Amino acid sequence: MHIREQLAIPRQLPRELDAEERLDNFDEVSKGFDEQTALVEANRCLQCRKPPCIMGCPIGNDIPRFIALMRERKFEEAYWTIRETSSMPSICSRVCPHEFQCEGACIRAKKDAPVAIGLLERFLADWMIINGKNLSPRCAPKNGLKVAIIGSGPAGITVAHALSHRGYNCTIFESLPVFGGMLSVGIPNYRLPRNIIGAELYALQQCGVNVKTGITVGQDLTLSELREQGYSSVFLGIGAYKSKRLGLDGENSTKGVMSGVDYLVKVLTGHEIALGDRVLVVGGGNVAIDVARVALRSGWKNVSILYRRTRDEMPASKMEVHHVEEEGVDLQFLTTPTRIISQNGQLTGVECIRMELGEVDITGRCVPRPQPGSEFIIEADALIGAVGQKVIPVHDATVPVEITPRGTYVVDPVTLQTSVDWIFAGGDTVLGPQTVAKAVCQGLDAAESMHRYMQGLI
Ligand SMILES: Cc1cc2nc3c(=O)[nH]c(=O)nc-3n(C[C@H](O)[C@H](O)[C@H](O)COP(=O)(O)OP(=O)(O)OC[C@H]3O[C@@H](n4cnc5c(N)ncnc54)[C@H](O)[C@@H]3O)c2cc1C
């Protein structure tokens, strides 16, 4: 196809459920591309000689190569190209913030719209699942060495995937009753259906990975006990699931005030949480947006999000912001809560203040400053804070692994080895709350180092 023809093709849109169709259920909102649409979109890729999209992908997927194979309808080969670098294409293709990663770097983003790389990857992963294909490469013969992986999120899954395919006997220990970390108890079904997580779990188990849920390391089992049980190396992929406080008086003691991650974990593991008619969510990232959308789907109709900066600074992906507004959530920008108002220990309202943006800080964003005298009160039955998370390190005095003042694990930046030579760490527990792709990237690096450690190479 001539480049002029390619440039004339507009970015293709996926099929989506209408806002009214999705509010009383957790069905996946985006239905992805059908084959015809995927092929049209694949033709938009200009096959750059120095592809910036690969640089934009935290794990360096060979995007132009898989798209070139797709165009020839070699869907299985295209999928295996992605699998060379990614431990979970079906998941990353759905939840990665593509606009800040591969698609943000796509050359077409400069003048027009980037190639829909995430949706093309998703088409291939779904094609494999729909056609009953094995999602994992052939397993290597077992080498007799045992590895313990603490935490079943993307970082732990990636280590298990990489090391089991090198012959190591991998066991994942997970404190929750479900597998998947934040994929299962943070990101809701309407963005990541559970059968997709199930397909990746099945692929891991096919290669002999053992998953033990309901075991908290440091509590039910110590790190030194794992060592005594013959595990040659341990990976800590325990995430950053403890919500940061809003910093308001009465936050811990007022009924109706809770944290976003706790709320999602409870609802997504089958608990019913009564919020009340007027729900306020605080934050501007994916967690805040998911809390609002889950609250709506759980029957609470009057939901607002308060964010202290403007729409342009929101860390949530644009698509999520678009969806939450379509679903009827009211977004209040340049607004932050300052005081909890309660009666008999139950939240009844929140005092807020308007903000203005000041100078740019080291993160490159403008610092929000309160506008004196702009306080106002919003009536509320629930206030849910989603303003960041922190790490809760494994409580284990038997093996003291060094942590930073932020509570993250101290690791060698290249090998991800901790202060204890047989223990490695990665994902949110090292980086602080980040993304699935960054956790996958650290899982890949840690697996490589653990392999070298167990082979006596470091
Ligand atoms: C609501 C929400 C929405 C998000 N949306 C997106 C998104 O759209 N795109 C994106 O890229 N990222 C998103 N993220 C972030 C992403 O989910 C995380 O960055 C990623 O899951 C981190 O992976 P991880 O493996 O490091 O940790 P986690 O996924 O947090 O997994 C850690 C696991 O370790 C377990 N664990 C902890 N302590 C112990 C212990 N002592 N013993 C045994 N098990 C333990 C935990 O129960 C947990 O299951 C979202 C996060 C949340 C909360």
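Residues numbered from 1 in each chain as written. Predicted model: local features only at pLDDT ≥ 70, side-chain atom pairs only at ≥ 80, totals over all residues.

A. Up close: the overall build of the protein. Secondary structure assignment for the protein yields 18 helices and 18 strands. Its C-alpha radius of gyration of 23 Å places the protein within 12% of the 23 Å reference for a compact globule of 458 residues. C-alpha atoms of the protein, sized along the principal axes, occupy 65 × 65 × 40 Å. Here the protein holds 458 residues, and the buried ones make up 45% of them. Within the protein, counting contacts between residues at least 6 apart in sequence, those at least 24 apart form 70% of the total. (Helix = DSSP H or I, 4+ residues; strand = E, 2+ residues; numbered from the N terminus. Rg over C-alpha atoms; globule rule 2.2 N^0.38 Å. Buried ≥ 20, exposed ≤ 12 C-beta atoms within 10 Å, placed from the backbone. Contact = placed C-beta atoms within 7 Å.)

B. Local environment of the site of the ligand. Taken together, the neighbourhood of the ligand is formed by 41 residues, with Gly-151, Gly-153, Gly-181, Gly-239 and Gly-427 sitting nearest. At the level of elements, α10 (154–164), β4 (169–174), α11 (182–185), α14 (260–268), α15 (286–297), α17 (428–431) and α18 (436–454) are the ones that each hand at least two residues to the shell around the ligand. In terms of residue class, the shell around the ligand is made up of 22 nonpolar, 16 polar and three charged. (Near = placed C-beta within 6 Å. Nonpolar A, V, L, I, M, F, W, Y, C, P; charged D, E, K, R; others polar.)

C. The arrangement of the packing of α15 against helix α16 (residues 318–326) in detail. The N-to-C vectors of α15 and α16 enclose an angle of 25°; their axes lie 10 Å apart at closest approach. Considering the angle they form, α15 stands roughly parallel to α16. In this structure, the crossing between α15 and α16 has a hand that is left-handed. Across from Asn-286, Ile-289, Ala-292 and Arg-293 in α15, the residues of α16 making contact are Glu-320, Val-321 and Val-324. Residues that form the contact of α15 with α16 fall into these classes: four nonpolar, one polar and two charged. (Axes fitted to C-alpha atoms, helices over the stretch in contact; angles between N-to-C directions. Parallel < 35°, antiparallel > 145°, perpendicular 65-115°, else oblique. Left-handed = near helix turned anticlockwise from the far one by under 90°.)

D. Quick look at helix α5 (residues 63–71). Taken together, the buried positions of α5 are occupied by Ile-63, Phe-66, Ile-67, Leu-69 and Met-70. Axial view of α5: buried residues confined to an arc of 160°, hence all on one face. Buried positions along α5 lie against α3 (35–42), α4 (52–56), α6 (75–83), α8 (102–105) and α9 (117–130). (Arc of directions from axis to C-beta.)

E. Representation of the domain arrangement of the protein in the model. Per the domain assignment, the segments making up the protein are domain 1 (3–130), domain 2 (146–240 + 391–454) and domain 3 (244–389). A straight line from the C-alpha centre of domain 2 to that of domain 3 covers 30 Å. The partner domain 3 presents 10 residues to the 10 residues of domain 2 that form the contact. Looking at the side of domain 2 that touches domain 3 residue by residue, the classes come out as eight nonpolar, two polar and no charged. (Domains from an automatic or database assignment.)

F. Quick look at α15. Look at α15: 16 Å from first C-alpha to last across 12 residues, which is about the 16 Å you get at 1.5 Å a residue. Where burial is concerned, most of α15 is hidden: 11 out of the 12 residues are buried. Just past α15, the residue Gly-299 takes up positive phi, approximately 105°. (Expected span 1.5 Å × (residues − 1).)

G. Spatial organisation of unusual backbone geometry. Of note in this structure, Gln-47 is not a glycine but carries a positive phi near 50°. By the element assignment, Gln-47 lies in the loop between α3 and α4. Under the C-beta neighbour-count criterion, Gln-47 is labelled partly exposed, with 13 such atoms within 10 Å. The phi dihedral of Arg-73 is positive, around 60°, even though this residue is not glycine. Overall, the presence of 13 C-beta atoms within 10 Å leaves Arg-73 in the partly exposed class.

H. Looking closely at the sheet that holds strand β16 (residues 382–385). Reading across the sheet, the five strands line up as β8-β16-β9-β10-β11 and stay open at both edges, with parallel pairing between neighbours. In this open sheet, the two edge strands, each paired with only one partner strand, are β8 (257–259) and β11 (330–332). When the angles between neighbouring strand axes are averaged without regard to direction, this sheet yields 20°. Where strand β9 (residues 278–282) and β16 come together, four bridges link them in parallel fashion. If you follow Val-281 over to β16, its bridge partner there is Ile-384. (Pairing = 2+ DSSP bridges.)

I. Layout of the sheet that holds strand β5 (residues 210–213). One open sheet holds the five strands; their spatial order is β5-β4-β3-β6-β18, and the pairing between them is parallel. The open sheet has two edge strands, β5 and β18 (423–425), and neither has a second partner. With strand direction ignored, the average angle separating the axes of adjacent strands in the sheet is 20°. One ladder, built from three bridges, connects strand β6 (residues 231–236) with β18; its direction is parallel. By the bridge assignment, Phe-235 is partnered in β18 with Phe-424. Its contacts with the sheet place α10 against β3 (146–150), β4 and β6, and it is angled at close to 165° to β4. Packed onto the sheet, α18 meets β3, β6 and β18 and runs at close to 160° relative to β6.

J. Quick look at the packing of α3 against α9. At a closest axis distance of 10 Å, the pairing of α3 and α9 adopts a crossing angle of 140°. Comparing their axes, α9 and α3 come out oblique. As α3 runs across α9, the sense of the crossing is left-handed. Of α9, the residues touching α3 (which contributes Ala-38, Glu-41 and Ala-42) are Leu-119, Leu-120 and Phe-123.

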